[in-house]
Amino acid sequence: MPKFEVAKGINIHYDEFGEGDRYVICTMIDYQRYSSIRDLWKFGYHVFLLTNRGFGKSDHSDVDYHEGWWDIWADDVISFADGHGIDKFIYAGDSHGAGTGWHLCRRYQDRLKAFVAIVPGPYNLDEGFVSYRTRLMRGEKVNPMEQPEGYFEDPAVDERLRRDMEYFKIEVQDHQSPEEKAMDYKRPLMDLENEENTKAFLRSILVPTLIVGGTEDPISRPDLMLRTVECMPHSKLILYHGFSHNEPWRIFVEEVSSEIAFFLDNVYDNDGHYYKRIINE
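This section reports on the structure supplied with the text. All of these numbers come straight from a predicted model, not from anything done at the bench. (Residues numbered from 1 in each chain as written. Predicted model: local features only at pLDDT ≥ 70, side-chain atom pairs only at ≥ 80, totals over all residues. Heavy atoms only, no water.)

## Describing the sheet that holds strand 4 (residues 46-51)
Turning to step 1, where the next piece is worked out: One open sheet accounts for 8 strands, arranged 1-2-4-3-5-6-7-8; its pairing is mixed. Strands at the two margins of the open sheet, each flanked by one partner only, are strand 1 (3-7) and strand 8 (235-240). Along the sheet, successive strands turn relative to each other by an average axial angle of 25 degrees, direction set aside.
Turning to step 2, where the next piece is worked out: Sheet analysis places strand 7 (residues 209-214) next to strand 8, joined by 6 bridges and oriented parallel. Each bridged residue has a counterpart across the sheet, and for glycine 213 the counterpart in strand 8 is leucine 239.
Turning to step 3, where the next piece is worked out: Sheet strands touched by helix 1 (residues 69-83): strand 1, strand 2 (10-17), strand 3 (23-28), strand 4 and strand 5 (89-94). Its angle to strand 1, the strand with the most contacts, is close to 120 degrees.
Turning to step 4, where the next piece is worked out: The strands touched by helix 2 (residues 96-107) are strand 3, strand 5 and strand 6 (112-118); relative to strand 5, the strand with the most contacts, the crossing angle is about 140 degrees. (Pairing = 2+ DSSP bridges. Helix = DSSP H or I, 4+ residues; strand = E, 2+ residues; numbered from the N terminus. Axes fitted to C-alpha atoms, helices over the stretch in contact; angles between N-to-C directions. Contact = heavy atoms within 4.5 Å.)

Right, dumping it as structure tokens:
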């Protein structure tokens, strides 16, 4: 089981796929059975999937740093990259994984070749600071994130979704430690305090960024993702109609990974830009 020491005495688990020097790094609490990010190795990318410190097979913590976790996880990504001799890399993540990406953009933008941000928000901080995860743990009634069973006309797609949720429950949820269950990392970028500061930060990001989301997402709402792409000068938004927070990157894995690879290939082919018009401006 591969592990890497990101700080003195603290080890994180990771999985590696592919080879070469087109590096993709992702860090998240967990990974689903089907993953568009993992599948980027099929397109010639060298993928590292890191498990966040404090969760899963990585070392756990008896201290909850709350919103401070985002910077810790961003620092761990850089420590991992440094330890593997990786200077510049693509960062990819969905939901909370994308949250770490925003903190990488704040602290280490010069290390990023590109950012693949799936259902990333970020939240409108004027609307509050309580995370969706915390609301669920409180027992609040919130908009559902999952499509109902039998939603898709294609039985193979329904079966993939069923197997994915079964894998997640058996391999992840059923093995959570008390420390994991109690963890409340709140929301990324909370110290920005309000929406105007968030927009100003987004305008400062020059990293080519691909945003992927769904029109029915109650967490990374389409209006938030549209606001994000309007602020970021080198960004692209792909929205899937009728999908929520946990799809379609788990269901239409091949399509979404193809979209990501197309974007990233353009970044490499166009000297760090994702389309030629930017170069000519």
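## As for unusual backbone geometry
Turning to step 1, where the next piece is worked out: Of note, the bond from glycine 121 into proline 122 is cis; its omega dihedral lies within 30 degrees of zero at -10 degrees.
Turning to step 2, where the next piece is worked out: For leucine 189, which is not a glycine, the phi torsion comes out positive at approximately 65 degrees.
Turning to step 3, where the next piece is worked out: In this fold, leucine 189 is placed in the loop between helix 5 (178-182) and helix 6 (195-203).
Turning to step 4, where the next piece is worked out: By relative accessible area, leucine 189 is classed as buried at 1%.
Turning to step 5, where the next piece is worked out: Although it is not a glycine, glutamate 193 adopts a positive phi angle of roughly 75 degrees.
Turning to step 6, where the next piece is worked out: Looking at where glutamate 193 falls in the secondary structure, it is placed in the loop between helix 5 and helix 6. (Buried < 20%, exposed > 50% of the residue type's maximum accessible area, 1.4 Å probe, protein only.)

## Notes on the pairing of strand 1
Turning to step 1, where the next piece is worked out: As judged from the 4 bridges shared by strand 1 and strand 2, these two strands associate in the antiparallel manner. Pairing of phenylalanine 4 across the sheet is with isoleucine 12, part of strand 2.
Turning to step 2, where the next piece is worked out: Where strand 1 hands over to strand 2, the hairpin turn is made up of 2 residues, of which glycine 9 adopts a positive phi near 80 degrees.

## Examining the nonpolar core
Turning to step 1, where the next piece is worked out: With 36 residues, the main nonpolar core has Ile25, Phe48, Phe89, Trp102, Phe115, Phe201 and Ile205 as its most contacted residues.
Turning to step 2, where the next piece is worked out: Ignoring sequence-local partners within four residues, the contact set of phenylalanine 201 consists of Trp102, Cys105, Arg106, Leu189 and Leu192.
Turning to step 3, where the next piece is worked out: The next biggest cluster of nonpolar side chains, apart from the first, holds 28 residues, and it includes Cys26, Ile37, Ile238 and Phe243. (Core = buried A, V, L, I, M, F, W, Y, C linked by side-chain atoms within 4.5 Å.)

## With respect to the packing of aromatic side chains
We describe a pair of aromatic rings using the distance from one ring centre to the other and the angle between the two ring planes.
Turning to step 1, where the next piece is worked out: Under the counting rule described, the total for this entry stands at 17 aromatic pairs.
Turning to step 2, where the next piece is worked out: Residues phenylalanine 4 and phenylalanine 80 carry aromatic rings whose centres are separated by 5.4 Å and whose planes lie at 75 degrees to one another, so their mutual orientation is edge-to-face. Taken as a pair, phenylalanine 4 in strand 1 and phenylalanine 80 in helix 1 lie far apart in primary sequence, 76 residues in all. You'll find phenylalanine 4 and phenylalanine 80 in the same group, each marked buried.
Turning to step 3, where the next piece is worked out: Among the aromatic residues, those joined into a ring-pair cluster are Phe55, Tyr65, Trp69, Trp70, Trp73 and Tyr185.
Turning to step 4, where the next piece is worked out: One cation-aromatic arrangement involves lysine 113 over tyrosine 268; the distance from NZ or CZ to the ring centre is 4.8 Å.
Turning to step 5, where the next piece is worked out: Over the ring of tyrosine 123 we find arginine 187; its NZ or CZ atom is 3.6 Å from the centre of that ring. (Phe/Tyr/Trp six-rings, centres within 6.5 Å; stacked < 30°, edge-to-face > 60°. Lys NZ or Arg CZ within 6 Å of the ring centre and 35° of its normal.)

## Overview of the environment of valine 212
Turning to step 1, where the next piece is worked out: Among the structural elements, valine 212 can be located in strand 7.
Turning to step 2, where the next piece is worked out: In this structure, the C-alpha to C-alpha distance between valine 212 and valine 116, residues 96 residues apart in sequence, is 8.0 Å.
Turning to step 3, where the next piece is worked out: For valine 212, the contacting residues outside a window of four places in its chain are Ala117, Ile118, Val119, Pro120, Met225, Ile238, Tyr240 and Trp249.

## Here we look at helix 2
Turning to step 1, where the next piece is worked out: Taking 1.5 Å of rise per residue, the 12 residues of helix 2 would be expected to cover 16 Å, and the 17 Å separating its terminal C-alpha atoms lies within 8% of that figure.
Turning to step 2, where the next piece is worked out: Counting buried positions along helix 2 gives 10 out of 12 residues, so the element sits mostly inside the fold.
Turning to step 3, where the next piece is worked out: Residues His96, Gly97, Ala98, Gly99, Thr100, Gly101, Trp102, His103, Leu104 and Cys105 constitute the buried set of helix 2. (Expected span 1.5 Å × (residues − 1).)

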